[in-house]
Amino acid sequence: MSTVVLIDEEGAHAKSTAALRLLPHLGFPYRFLARVGLAVPVSLRDAAYAFVGRNRSTFSNYLPFSHRIEDHRDCMLGLDGKSVAEASSGKPKS
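Definitions and limits used
Residues numbered from 1 in each chain as written. Predicted model: local features only at pLDDT ≥ 70, side-chain atom pairs only at ≥ 80, totals over all residues. Heavy atoms only, no water. Pairing = 2+ DSSP bridges. Helix = DSSP H or I, 4+ residues; strand = E, 2+ residues; numbered from the N terminus. Polar contact = N/O pair within 3.5 Å; in protein donor to acceptor, adjacent residues only side chain to side chain. Patch = residues over 30% accessible without salt bridge, like charges linked within 9 Å, V, L, I, M, F, W, Y side chains within 5 Å. Areas by Shrake-Rupley, 256 points an atom, 1.4 Å probe, with all protein chains shown as cover. Salt bridge = Lys/Arg side-chain N within 4 Å of Asp/Glu carboxyl O. Buried < 20%, exposed > 50% of the residue type's maximum accessible area, 1.4 Å probe, protein only. Contact = heavy atoms within 4.5 Å.

Peer 1: Even after reading the chapter, I still don't get the pairing of strand 2 (residues 11–14), so can you show me in this structure?
Peer 2: Both faces of the sheet carry side chains from a regular strand, because those side chains alternate between them. Sheet analysis places strand 1 (residues 5–8) next to strand 2, joined by four bridges and oriented antiparallel. Each residue of the ladder has a partner; that of Asp8, found in strand 2, is Gly11.

Peer 1: Quick question: what am I supposed to make of the side chain of Arg21 here?
Peer 2: Secondary-structure assignment places Arg21 in helix 1 (residues 15–22). Polar contacts involving the side chain of Arg21 include one to the side chain of Asp8, which spans 2.8 Å.

Peer 1: Where do I start with a nonpolar patch on the surface in this structure?
Peer 2: On the surface, Leu26, Tyr30 and Leu33 cluster together into a nonpolar patch covering about 300 Å² of accessible area. Assessed through its relative accessible area of 38%, Tyr30 is described here as partly exposed.

Peer 1: Honestly, the environment of Ala14 in this entry has me stumped. Any pointers?
Peer 2: Within the secondary structure, Ala14 sits in strand 2. Overall, the relative accessible area of 35% leaves Ala14 in the partly exposed class. Note: C-alpha distance between Ala14 and Asp46 (32 residues apart in sequence) is 9.3 Å. Setting aside anything within four residues of it in sequence, one finds Ala14 in contact with Val4 and Val5.

Here is the structure:
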């Protein structure tokens, strides 16, 4: 996966805009963080989004989040019976 995409009633959103538009659904304090983040110019937000994406393994060493993507299979579309690794590689299931 190369980026997050959100399709909602206002259209399709990608990268930092998609991520920030998801935050209000998580309640406080994320709702506030989304408002502040969306006030930042898109070019700066997307640059920060790309930086974090390139360095997410480094960041994950310091954050208490689970990055075992297979634990979240039920939240993903388009796996068609494949593992997450098989679906993201583009290779057919053997």
